[in-house]
Protein chains: 2
Amino acid sequence: MGLIAASDALTSTGLAAFLVSLGLLLGLARIMGELARRYRQPQVLGEILAGVVLGPTLLAQFWPQAHLMLFPEQGPVAIAQEGFFQLGVAFLLLVAGLEVDLSSVWRQGKAAMSVSVTGILFPFVIGFGLAWLAPSLLGKDPAGELLPFALFVGIAMSITALPVIAKILIDLNMFKSDTGMLVMSAAMVNDLVGWLGFALVMATLHDQGGNVAPTILYTVVFAIGILTVGRWAANRILPFVQAHSQWPGGVMGFVLVTALLCGAMTEWIGIHAIFGAFLAGVAIGDSNHLRERTRDTIHQFITNIFAPVFFASIGLRVNFVEAFDPLIVLVVLVVAIVGKVGGCYLGAVWAGLSKRESWATGFGMSARGAMEIILGQLARQAQLITDELFVAIVIMALATSMLSGPMMQKLLRQRQRRRLKDFLAERQIILHPEARTLESILRELSSRAAEITGLPAGRILDAVLQREQIMHTGLPGGLAVPHARLDDLAKPCVVIARHPDGIDFDSPDGQPARLISLLLTPSQQPETQLELLDLVVRIFGQPTIRDRLLNAANGTEFLAILNQVESSGPNDLTPNANHVEA
Amino acid sequence: MGLIAASDALTSTGLAAFLVSLGLLLGLARIMGELARRYRQPQVLGEILAGVVLGPTLLAQFWPQAHLMLFPEQGPVAIAQEGFFQLGVAFLLLVAGLEVDLSSVWRQGKAAMSVSVTGILFPFVIGFGLAWLAPSLLGKDPAGELLPFALFVGIAMSITALPVIAKILIDLNMFKSDTGMLVMSAAMVNDLVGWLGFALVMATLHDQGGNVAPTILYTVVFAIGILTVGRWAANRILPFVQAHSQWPGGVMGFVLVTALLCGAMTEWIGIHAIFGAFLAGVAIGDSNHLRERTRDTIHQFITNIFAPVFFASIGLRVNFVEAFDPLIVLVVLVVAIVGKVGGCYLGAVWAGLSKRESWATGFGMSARGAMEIILGQLARQAQLITDELFVAIVIMALATSMLSGPMMQKLLRQRQRRRLKDFLAERQIILHPEARTLESILRELSSRAAEITGLPAGRILDAVLQREQIMHTGLPGGLAVPHARLDDLAKPCVVIARHPDGIDFDSPDGQPARLISLLLTPSQQPETQLELLDLVVRIFGQPTIRDRLLNAANGTEFLAILNQVESSGPNDLTPNANHVEA
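Residues numbered from 1 in each chain as written. Chains lettered and ligands numbered in written order. Predicted model: local features only at pLDDT ≥ 70, side-chain atom pairs only at ≥ 80, totals over all residues. Heavy atoms only, no water.

(A) Focus on the overall build of chain A. Along chain A, the regular secondary structure elements total 22 helices and six strands. Principal-axis analysis of the C-alpha atoms places the extent of chain A at approximately 85 × 65 × 55 Å. In chain A, once contacts between residues fewer than 6 apart in sequence are set aside, the share between residues at least 24 apart is 76%. Put simply, chain A has 40 plus and 45 minus side-chain charges, and the middle of one group is 5 Å from the middle of the other. (Helix = DSSP H or I, 4+ residues; strand = E, 2+ residues; numbered from the N terminus. Contact = heavy atoms within 4.5 Å. Lys, Arg positive; Asp, Glu negative; His and termini not counted. Charge placed at Lys NZ, Arg CZ, Asp CG, Glu CD.)

This is the structure we're talking about:
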């Protein structure tokens, strides 16, 4: 671009570096996030690792020139990036705020309050106490003030990540269960209190030595104002905007402008912009005038574009190898888990839950996720904590999030919702079968299944044919589901054949089967067969989806359609569990 | 935020200013854009005016301190803003590129080629000739080089704004007509050639005095590479991404990363980032693997958030009052209209269109819209043109866009698509009528209509009752449409009553009418009555919409629902005419 080169303007080279750096951060964060998901790990783990790869930990070691050009410490490129990151985190907190549903918290009443109060107090006291009594254990810089440091550690231990928890509950199919709603409500209160508490720590820090009272006063007045008057006003203004502006552009504009201005307001007060954006989200999200589609567009763009870039930028901040201190990591991890799980367990037991449910609630609430990382990042920038403690907090946030789901699953014996796509790969789809008869298509399917499972094709075919002899497995709508249970099968195997003309499977509606799904399951897991049958019928039973699958050009497209149809759920660790009922 | 204050870092005050400035730009741009639309003017007009209000033209005159704080000329805040604006315009061109459908251009064949060739050559020659022979007429800085200046003026005259044209065609309900498809195809070719031409001008400029050949070579190689290999690769990669990543996040990430990296590539070549982003859009948009929903999310966020901020930033650049030179404005306007309309007219006549259609094609192609403004902005930043010519180009872009629709409408005698909401205001909705009988509800509706039209209530009621006597106006699904034509009515008047229990209007399905729409139309416009009847039946006839309307809490919400239901169309001048079939 033709901007005149000046040390304090974005030159053409600077703009190119800015665009490349964003492209690399976004691209790598998305790829590594997807890889993390594939191995059932939190997506944010992959996103942060992308930053670690591009940051001082790796890229700067092996190719310092490139690192210096793409991610300079200061100057125009660094400023433009910083502006984008800050915007990203403020928007991210807006989306998190939109998820808080104050009215559902009131409905949960006493139990939610009990869990959230003990879930905050208990870890706070432990964290604060430890930081106060043994600050060096947490790598505190002796020069810094003790009180804000101890307050921060207390709050860091007591924070919860609403979006992670929502995602875990959805995955376990218990979002709408009693325990699920209780955990969600408690987490909302927890989030609100935790962030306000941190805002106050920031306030004390901001006015170091000076008079901290005005900042705290402004913060409290602003928060109460937004959550009362602001909430009322948002509920009034939204229908007006919807009635008198283009849709959904008008509403989207209103939501983001509110977040930007509230964010600027809190930044001006002396706490961080994210608080204002978060509160704006809470105030607006509570209105039932905000339509799902608007929410969704904001949500998708922010969680899929701004969030990955922001989390990758976390990885850029420090050298994760250099700043890794095993003792600090261990201390933070133990205190965080014991404090949170213990505190919530007590609250849940007092509220009358069973022990098993109480433990599950504790582990559910213990997931720290993205929120903790944002908090740690702010504290590090404010020089409240060292790089070592920051790294420990990031690791703790990831570890607790990874622990939460499996523990709840174990305690409540809930099973993860599975998708048909999880059972399929391209070689399990036969788009152009040679077979023209029932027996030959079963043979073709069985021999493909044999390649995949390693079992002899004859055994598979025999078992399947035996089942067909009892009654053919044709279903209405051109489907067929030949199936068998096999003793020595390690895990379920699905093979799908698409037949252009269809093959007669004696279906009740007389239609020949054009989508033939062979379902093989281990004998020891009788419920898996039912689960697979249910998935196949639910998805292939929809005429529009079936038509698209019948027209898919190749296996990749076939999988893409399934992926899209089944992708109603949100990401892992970013605040995106909004559309849970979808 | 706790960043250490440094002259080259974004301080807490700086971040607050950055957020406030974005909030103000976005908020005011959206409000003034909506106002412009209300008066049937291009939305981008309002958006630029928002920048004029906040920029040197107004705010700086009346409150210089605020202007200096929010929009400093240099320093961290200016850099962060510049980064966001540049990102916005690159993304905007990405969306514009996504709209270009190369395959439909091939289908249009000869006629489209003929119109686009003359539509480029004719205005280019006139513009280039004038700039070459009488540069002072266009306010050229005598110190600058003549050739790039004349080339720029030629290209500026020959550019077309695809999105504006699409929008106008949709409004005239002729997007899918022969003329419509011809204009669209010609505009696509025009866009592609125009932008490439401008890229070459930028290239010559970049290497002032040096060797320009490599830059031009890189540009051409890059463009051809993206449009061939890149297009092929995108079509291959998209299904893969869709099959193996979350949906729609994975695809969105892929699209934006590609745009960012291609943008950086062209910026590095020495032309602007927007070319790369535009070409990336063309390559990706052509793939039929890109799903509508993904496209829509990207589209909505970019056109509703990034675009308004960017266009407002145009208003920030110069003092529009000071740099207004009536002579230059006049010259630019005349040359732009004569060149483009004339050139396209000739091409269309040669291709065998009727004279009337050819003129319509000419005026259709003449709309310059947002694209011309972006181009002018780049030329101004490159110091290729003066502020005076820049202002003239902005005015020309707006004026041609405002002229285009009405002229096509007049020439082709097409009528604008109207929406039910255009006939309604809150006082025309009676949510809690007192009436319990057919006659009393008609009286209540008539007296409200009397207040609005100024006609005596008795006359209205008589006419409506007379119509009801022939046959009652109940329709299936709980609707009724009492109506009358009145001699001295200036314009159509609609009043809608919602009745909780319903009133018997003798409907075919025996249901009482719960949504009763009184339709009064001028006797001279017999077709308006049919149009209104059609609108009412089409909208209220849908059970889901009817249910939402029956449950609306107040008039504003009632209107909001109608607005949302009818808002399938895109904005005015920003590149957003993608979802035309919606």
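And the narrative resumes.
(B) Region of interest: the packing of helix α6 (residues 102-133) of chain A against helix α14 (residues 326-350) of chain A. Residue and element names in this part refer to chain A. One way to put it is that α6 packs onto α14 with a least axis distance of 7 Å and a crossing angle of 150°. Taken as axis vectors, α6 and α14 run roughly antiparallel relative to one another. As α6 packs across α14, the resulting crossing turns out to be right-handed. Residues K110, S114, V115, T118, G119, F122, P123, I126, G127 and L130 of α6 form the contact with α14, whose own contacting residues are V331, V335, V338, G339, K340, G342, G343, C344, L346, G347, A348 and W350. Taken together, the residues of the contact of α6 with α14 sort by class into twelve nonpolar, eight polar and two charged. (Axes fitted to C-alpha atoms, helices over the stretch in contact; angles between N-to-C directions. Parallel < 35°, antiparallel > 145°, perpendicular 65-115°, else oblique. Left-handed = near helix turned anticlockwise from the far one by under 90°. Nonpolar A, V, L, I, M, F, W, Y, C, P; charged D, E, K, R; others polar.)

(C) A look at the pattern of salt bridges. Residue and element names in this part refer to chain A. Summed over all chains, the structure comprises 20 salt bridges over all chains. The shortest N-O distance in the salt bridge between R459 and D488 comes to 2.5 Å. Here R459, found in helix α19 (residues 457-470), pairs with D488, found in the loop between β4 (483-486) and β5 (493-503); they are 29 residues apart in sequence, far enough to count as distant. The class for R459 is partly exposed, based on a relative accessible area of 37%. In this structure D488 comes out as partly exposed when scored by relative accessible area, which is 43%. (Salt bridge = Lys/Arg side-chain N within 4 Å of Asp/Glu carboxyl O. Buried < 20%, exposed > 50% of the residue type's maximum accessible area, 1.4 Å probe, protein only.)

(D) Quick peek at the relation of the copies chain B and chain A. The two copies are related by a screw operation: chain B maps onto chain A through 180° of rotation and 0.0 Å of translation along the axis, at an RMSD of 0.1 Å. Those values place the two copies in the arrangement expected of a two-fold rotation axis. For chain B, the minimum C-alpha distance to the rotation axis belongs to A80 of chain B and amounts to 2.2 Å. Taken together, the interface assignments show that 100% of the residues at the interface of chain B recur at the interface of chain A, consistent with an identical surface on both copies. (Least-squares fit on C-alpha atoms with pLDDT ≥ 70 in both.)

(E) Highlighting the pairing of β5 of chain A. All names here are of chain A. Burial runs high along β5: nine of the eleven residues are buried. Relative to β5, strand β1 (residues 429-430) runs parallel, the two being bridged by two bridges. Bridged to I430 within β5 is A497. The pairing of β5 with strand β6 (residues 513-522) spans seven bridges and is classified as antiparallel. Bridging across to β6, A497 finds its partner in I516. (Pairing = 2+ DSSP bridges.)

(F) Here's a closer look at the environment of A351 of chain B. Residue and element names in this part refer to chain B. Residue position: A351 is located in the loop between α15 (326-350) and α16 (355-366). Note: C-alpha distance between A351 and A112 (239 residues apart in sequence) is 8.3 Å. Residues in contact with A351, not counting those within four places in the same chain, are K110, A111 and S114.

(G) Geometry of the interface of chain B and chain A. Facing 85 residues of chain B, the contacting portion of chain A comprises 85 residues. For the pair chain B and chain A, the summed buried area comes to about 7000 Å², and 67% of that belongs to carbon and sulfur atoms. Where chain B packs against chain A, one counts zero salt bridges. Inspection of the region where chain B meets chain A yields 15 residue pairs in polar contact (both at pLDDT 80 or more). Among the elements of the structure, α1 (12-38), α5 (76-99), α11 (213-244), α12 (249-269), α14 (292-317), α17 (369-381) and α23 (555-566) of chain B are those that each provide at least two residues to the side of chain B that touches chain A. Element by element, the count of residues in the side of chain B that touches chain A is highest for α1 of chain B, at 15 residues. In terms of residue class, the side of chain B that touches chain A is built from 42 nonpolar, 29 polar and 14 charged. (Buried area = accessible area lost by both parts, 1.4 Å probe. Polar contact = N/O pair within 3.5 Å; in protein donor to acceptor, adjacent residues only side chain to side chain.)

(H) A look at helix α5 (residues 76-99) of chain A. In this model, α5 of chain A (24 residues) spans 35 Å end to end at C-alpha, consistent with the 34 Å of a helix rising 1.5 Å per residue. α5 of chain A sits mainly inside the fold: 24 of its 24 residues count as buried. (Expected span 1.5 Å × (residues − 1).)

(I) Summary view of unusual backbone geometry. Positioned with a positive phi, D506 of chain A is a non-glycine residue whose angle comes to about 60°. Note on placement: D506 of chain A falls in the loop between β5 and β6.

(J) Layout of the side chain of S358 of chain B. Residue and element names in this part refer to chain B. Counting through the fold element by element, S358 comes out in helix α16. For S358, the side chain forms a polar contact with the main-chain nitrogen of V349, separated by 3.5 Å. With sequence-adjacent residues up to four places away left out, S358 is seen in contact with Y345, A348, V349 and L353.

(K) Structural context of the side chain of N190 of chain B. Secondary-structure assignment places N190 of chain B in helix α10 (residues 178-206). When sequence neighbours within four positions are dropped, the list of residues in contact with N190 of chain B reads S116, G119, I120, S158, I159, T160, K340 and M365 of chain B.

(L) Representation of the packing of aromatic side chains within the structure. Taken as a whole and judged by the stated rule, the model has 25 aromatic pairs over all chains. These aromatic residues form a ring-pair network of at least three members: F84, F91, F301 and F306 of chain A together with F84, F91, F301 and F306 of chain B. The cationic tip of K140 of chain A hangs over the ring face of F149 of chain A; the distance from NZ or CZ to the ring centre is 5.8 Å. Over the ring of F390 of chain B we find R380 of chain B; its NZ or CZ atom is 5.7 Å from the centre of that ring. (Phe/Tyr/Trp six-rings, centres within 6.5 Å; stacked < 30°, edge-to-face > 60°. Lys NZ or Arg CZ within 6 Å of the ring centre and 35° of its normal.)

(M) Broad picture of the environment of A96 of chain A. Within the secondary structure, A96 of chain A sits in helix α5. Note: C-alpha distance between A96 of chain A and L279 of chain A (183 residues apart in sequence) is 9.5 Å.

(N) Expanded view of the nonpolar core. Of all hydrophobic cores here, the largest spans 304 residues; its most connected members are F152 and W195 of chain A together with F152 and W195 of chain B. For F152 of chain B, the residues in contact, after removing those within four places along its chain, are F198, V201, L375, G376, A379, L384, I385 and I393 of chain B. (Core = buried A, V, L, I, M, F, W, Y, C linked by side-chain atoms within 4.5 Å.)

(O) Quick look at a nonpolar patch on the surface. All names here are of chain A. Residues F122, I126, L330, V334 and V338 make up a contiguous nonpolar surface patch of roughly 410 Å² in combined accessible area. Elements represented by at least two residues in the nonpolar patch include exactly α6 and α14. Element by element, the count of residues in the nonpolar patch is highest for α14, at three residues. Mapping F122 onto the fold places it in helix α6. (Patch = residues over 30% accessible without salt bridge, like charges linked within 9 Å, V, L, I, M, F, W, Y side chains within 5 Å. Areas by Shrake-Rupley, 256 points an atom, 1.4 Å probe, with all protein chains shown as cover.)

(P) Region of interest: the packing of helix α11 (residues 249-269) of chain A against helix α13 (residues 292-317) of chain A. Residue and element names in this part refer to chain A. Where α11 contacts α13, the axes come no closer than 9 Å and their chain directions differ by 55°. Classified by the interaxial angle, the pair formed by α11 and α13 is oblique. Read as a crossing pair, α11 and α13 show a hand that is right-handed. Residues V251, M252, V255 and L256 of α11 pack against T294, T297, I298 and I302 of α13. Per-class residue counts for the contact of α11 with α13 are six nonpolar, two polar and no charged.

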